[in-house]
Amino acid sequence: MIDILYVNYNSSNVLIQSISSIINSKDNYQKKIFIWDNNSKDNVDKIKKIFPDVVLFKSTKNLGFAKGINRLLKYTRSTYQVILNPDTLITNDFLGKSVAYLEANQQVGILGPKILNVDGTIQGSARSFPTPLTSLFGRNSPITKLFPNNSITAKNILTAKNGIKNPTVVDWVSGACMVVRKEAILSIGGFDERFFLYWEDADLCKRIKMTGWDVVYFPESQVVHYVGESSNTRPIFANYQFHKSCHQLFEKHANWPLSAISPVAGIALMLRFVISIIFNWSNRVLNRLNKIQVKKSCRNKTKKNKIRVLRVISRMNIGGPSIHVKNLIENIDSNKFESKLITGTISPSEGDMEYIANFKKYTKIYIPELQREINLKKDFIAFIKVLREIIRFDPHIIHSHTSKAGTVSRLSVFIYNIIRNKKAIVVHTFHGNILDGYFNRFKSFLFLLIEKLLAIVTDCIIAISESQKWELSSIYKVCNPKKIKTIKLGFDLNKFLNISKYKGALRKKLGLSNDTIIIGIIGRIVPIKNHKMLIDSAKLFLDNFKNTKILFLLVGDGELRSFLEDYVANCGIKDHVLFYGWERNIPLIYADLDILALTSLNEGTPVSIIEAMATKIPVITTGVGGVKDLLGKFDIEQPNPSDFKICERGILCPTENPCSFYRALQYMIDSGYLSDKCRFERARNYVVNNYSVDRLIKDMELLYEDLLAERN
């Protein structure tokens, strides 16, 4: 058993991510998670709803970090305590490596891991005990920024320039993450509660070392630290506490003759605090004014000349990316923007969506070698042709969609900017990603490496949901989160808002009675969509409810159709599963659906869920990608908290778990869930308000103009 201790203050969202990293870590330890909440105002109770086993204590006032940890220590039972900031993510086998080292080195009282920034750089988490010079040559001081390689900083911040490769005894380690032997921390009475915030970690390490324990920096274990999520909510207060605690540390541990200058040190730190506030405030104001001035200048110039945007997508197959691209090209302001589209070849098993696009003459450029499948010869030809079109069009912005188009076009722009001495802006939208669920571990690693390299030459990466942004920046670490902008998809949902004219047409076509329950899944029949899970769930349902009139309708086509048709036959449920094929008039399908299902292993923001919500169709889905953003918060009341989750706008199931999916279907049908009209009306209002074409166009035009302003 390992105890995990958090002190939280208005950081509940990042704390949820941190707890998830612990629960999902690959080790064999049982974890008991304790949280002391310092009167947060950001709905900390949602943590308990998501993680029922967490022990949450809610204070009526902000007691600070030291008091919070000390109160939690009274309830812990394990030998080792992991003290974590809410804005940290542990890496795989963090606990295993840390505990193994502590077990083998009984003299170690505190272990501090290697702490990384979100961009992969190393934080200065292992340090020498502070001296008066630390205030001048600290981690974030102006002098250190001007002279990063100075010897004083190197002696103070021991991890500078990747200086420590092996476990090393140090003076102190950062409290953002430390593994503490309980015997050691109790021997000194825990943290000194006079430290409200900051420097309590340095004091703790100092006192533990004085009693004979070692403090070790252990770079083999790693965590990612976002830095300042709690303090950013009240920056001036946090800055004041930093300087106050610094003086407290000086007073407590300074020996003669330094102790004699304590009053002078206090005045100096107060002046430093005032100067830092003025400096930070002035810097923010100047940056804001400069951005406003540059943007105004850029927009005045671009009023005279249209902004040329070259859009690249691998193929216009049936799916969200094609609809997204079509909406952008057809609705973007033609008085300000001139658009062209490069597109490629659709696979034989994919549905063609060219019929939805009414592009003007010369808008679309077709490159047959640009395709989904990897073919080095065709890919090279596509690269050359895309580069040729870039040179011809001379765009201000190249915006790619889908993985293959993103790779080919970004390489082409990189070469173009070098050979033509240009500064064309590169934008790429992740509609989903191929980093998980598509390939084996080696290929996934290779594609992730490619994405990280391409991100270097990309000015802006667009995520279509906040969940996807978090995955790209925190899980896959494709790039710095500052480079990622979230812009939701946008659709013309009007045709889904009144589909009563189609009611009964599908049932009549299929010869189904009105009391037959139709559960539909809409999309490509390919491995990543995991239709097999729906079929397995269907078999479980039919085995237990043989007399229920029900049809599982698979709308779409793809490479797995023949295999799944045989699989359905072998399962003995052929009479209850129908492979429908593609349907252009998709409202016809939704008009008679009772439930929309989605079983994908990986998604961006699924169009079928948005369309189903617009038509007030109940949704049951796996919780991948941006799906969780669509479905909203968990309901307070759950029929089985450890199983599927009832959300604001649908039901969420774990991936690759047909038993859970079956139980969720059973719940929907038997519990009266399908008659909850108010829930489905709220779902419709949500997608109408958040996924409109007008909002998409406004967001994209503003992004393009801002990127040009920053470039100029």
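Source: prediction; values computed, not measured. Within every chain, residues take consecutive numbers counted from 1 along the sequence as written. Whole-chain, interface and lining totals are the exception, using all residues; otherwise, since this is a predicted model, local features are given only for residues with pLDDT of at least 70 and side-chain atom pairs are given and counted only at 80 or more. The side-chain numbers reported here are obtained from all heavy atoms of the structure, hydrogens and water having been left aside.

Thoughts on the nonpolar core
Next, step 1: Think of a nonpolar core as a cluster: buried Ala, Val, Leu, Ile, Met, Phe, Trp, Tyr and Cys residues, connected wherever their side-chain atoms sit within 4.5 Å. When a residue's accessible area, from a 1.4 Å probe over protein chains only, is under 20% of the maximum for its type it is buried; when over 50% it is exposed; and in between it is partly exposed. Within the largest apolar cluster, 40 residues are counted, with the highest numbers of intra-cluster contacts made by Ile589, Tyr590, Leu596 and Ile609.
Next, step 2: Going through the elements one at a time, β19 (517-522), β20 (550-555), α20 (587-590), β22 (595-598), α21 (607-614), α22 (627-631) and α24 (677-690) are the ones with two or more residues in this core.
Next, step 3: Helix and strand definitions follow DSSP, with helices as H or I runs of at least four residues and strands as E runs of at least two, each counted in order from the N terminus. The greatest single-element share of this core, amounting to six residues, is contributed by α21.
Next, step 4: Beyond its immediate stretch of four places on either side in the chain, leucine 596 contacts Gly520, Ile522, Tyr590, Ser608, Ile609, Ala612, Ile617, Pro618, Val619 and Ile620.
Next, step 5: Ranked by size, the runner-up nonpolar core spans 35 residues in total, among them Ile164, Val170, Cys205 and Ile208. Throughout, a contact is declared for two residues whenever any of their heavy atoms are within 4.5 Å.

Quick look at unusual backbone geometry
Excluding glycine, a negative phi dihedral is what most residues carry, and trans is how most peptide bonds are arranged.
Next, step 1: Positive phi values are uncommon outside glycine, yet asparagine 43 reaches one of about 60 degrees.
Next, step 2: Its identity as a non-glycine residue notwithstanding, tryptophan 199 has a phi of 70 degrees, on the positive side.

With respect to the pairing of strand β2 (residues 31-37)
Next, step 1: β2 sits mainly inside the fold: five of its seven residues count as buried.
Next, step 2: Note: strand β1 (residues 2-8) against β2, seven bridges, orientation parallel. Looking at β2, one finds that tyrosine 6 is bridged to isoleucine 35.
Next, step 3: Should DSSP find at least two bridges between two strands, the strands are regarded as paired. Relative to strand β3 (residues 55-58), β2 is paired through four bridges, and the arrangement is parallel. Across the sheet, residue isoleucine 35 finds its bridge partner in β3, namely leucine 56.
Next, step 4: A clockwise path from the first strand over the helix to the second, with the strands pointing away from the viewer, defines a right-handed crossover. Viewed along the sheet, the connection from β2 through helix α2 (residues 45-50) into β3 turns out right-handed.

Concerning the sheet that holds β22
Next, step 1: Ordered by their spatial adjacency, seven strands build an open sheet running β21-β20-β19-β22-β23-β25-β24, and the pairing between neighbours is mixed. On the outer flanks of this sheet lie β21 (577-581) and β24 (645-647), each paired with one strand and no other. Between one strand axis and the next, the sheet turns through 25 degrees on average, direction left out of account.
Next, step 2: Where strand β23 (residues 619-622) and strand β25 (residues 650-653) come together, three bridges link them in parallel fashion. Residue pairing in the sheet places threonine 621 in a bridge with leucine 652 of β25. Helix axes are fitted only over the stretch in contact, all axes being lines through C-alpha atoms; the angle between N-to-C directions runs from 0 to 180 degrees.

Concerning helix α19 (residues 561-571)
Next, step 1: Residues Arg561, Leu564, Tyr567, Val568 and Cys571 constitute the buried set of α19. Down the axis of α19, the sector holding all buried residues measures 120 degrees, keeping them to one side. Exposed side chains of α19 directed beyond 90 degrees from the buried face belong to Ser562 and Asn570.
Next, step 2: Of the surrounding elements, those touching the buried residues of α19 are α18 (531-544) and β21.
Next, step 3: Just beyond α19, the residue with positive phi is glycine 572, at close to 75 degrees. To be clear, the arc concerns the directions from the helix axis to the C-beta atoms.

Focus on the pairing of β22
Next, step 1: Every second residue of β22 is oriented toward a common face, with Ile595 and Ala597 on one face and Leu596 and Leu598 on the other, all of them buried.
Next, step 2: Sheet topology note: the β19/β22 ladder contains two bridges and is parallel. Each bridged residue has a counterpart across the sheet, and for glycine 520 the counterpart in β22 is leucine 596.
Next, step 3: Sheet topology note: the β22/β23 ladder contains three bridges and is parallel. Looking at the pairing, leucine 598 lines up with threonine 621 of β23.
Next, step 4: Where the polypeptide runs from β22 across α21 and back to β23, its parallel neighbour, the crossover connection is right-handed.

Regarding the sheet that holds strand β13 (residues 337-345)
Next, step 1: Within the open sheet, the seven strands sit side by side as β14-β13-β12-β15-β16-β17-β18. Their pairing is parallel. The open sheet has two edge strands, β14 (364-371) and β18 (484-486), and neither has a second partner. Averaged over all adjacent pairs, the angle separating strand axes in this sheet is 25 degrees, with direction ignored.
Next, step 2: In this structure, strand β12 (residues 307-313) lies alongside strand β15 (residues 397-401), joined through five bridges in parallel fashion. For leucine 310, the partnering residue across the bridge sits in β15 and is isoleucine 398.
Next, step 3: Along the sheet, helix α13 (residues 403-419) contacts β12, β14, β15 and β16 (425-430); its crossing angle with β15, the most-contacted strand, is approximately 155 degrees.

Here's the deal with the packing of aromatic side chains
Next, step 1: Working definition: rings of Phe, Tyr and Trp (its six-membered ring) pair if their centres are within 6.5 Å, and the pair is stacked with planes under 30 degrees apart, edge-to-face with planes over 60 apart, and tilted otherwise. In the structure shown here, the tally under the stated rule is 17 aromatic pairs.
Next, step 2: Here the aromatic rings of tryptophan 199 and phenylalanine 242 are separated by 5.7 Å at their centres, their planes lie at 50 degrees, and the arrangement is tilted. In this pair, tryptophan 199 is assigned in the loop between α7 (182-187) and α8 (200-210) and phenylalanine 242 in helix α9 (residues 235-253), connecting sequence segments 43 residues apart.
Next, step 3: Connected via pairs of aromatic rings, a cluster forms that spans Trp172, Tyr198, Trp199 and Phe242.
Next, step 4: Here the guanidinium or amino end of lysine 206 rests over the ring plane of phenylalanine 129, the centre of that ring lying 4.4 Å away.
Next, step 5: Just above the ring of tyrosine 686 sits the side chain of arginine 649; from NZ or CZ to the centre is 3.6 Å. Any Lys NZ or Arg CZ found within 6 Å of a ring centre and within 35 degrees of that ring's normal is scored as a charge over the ring.

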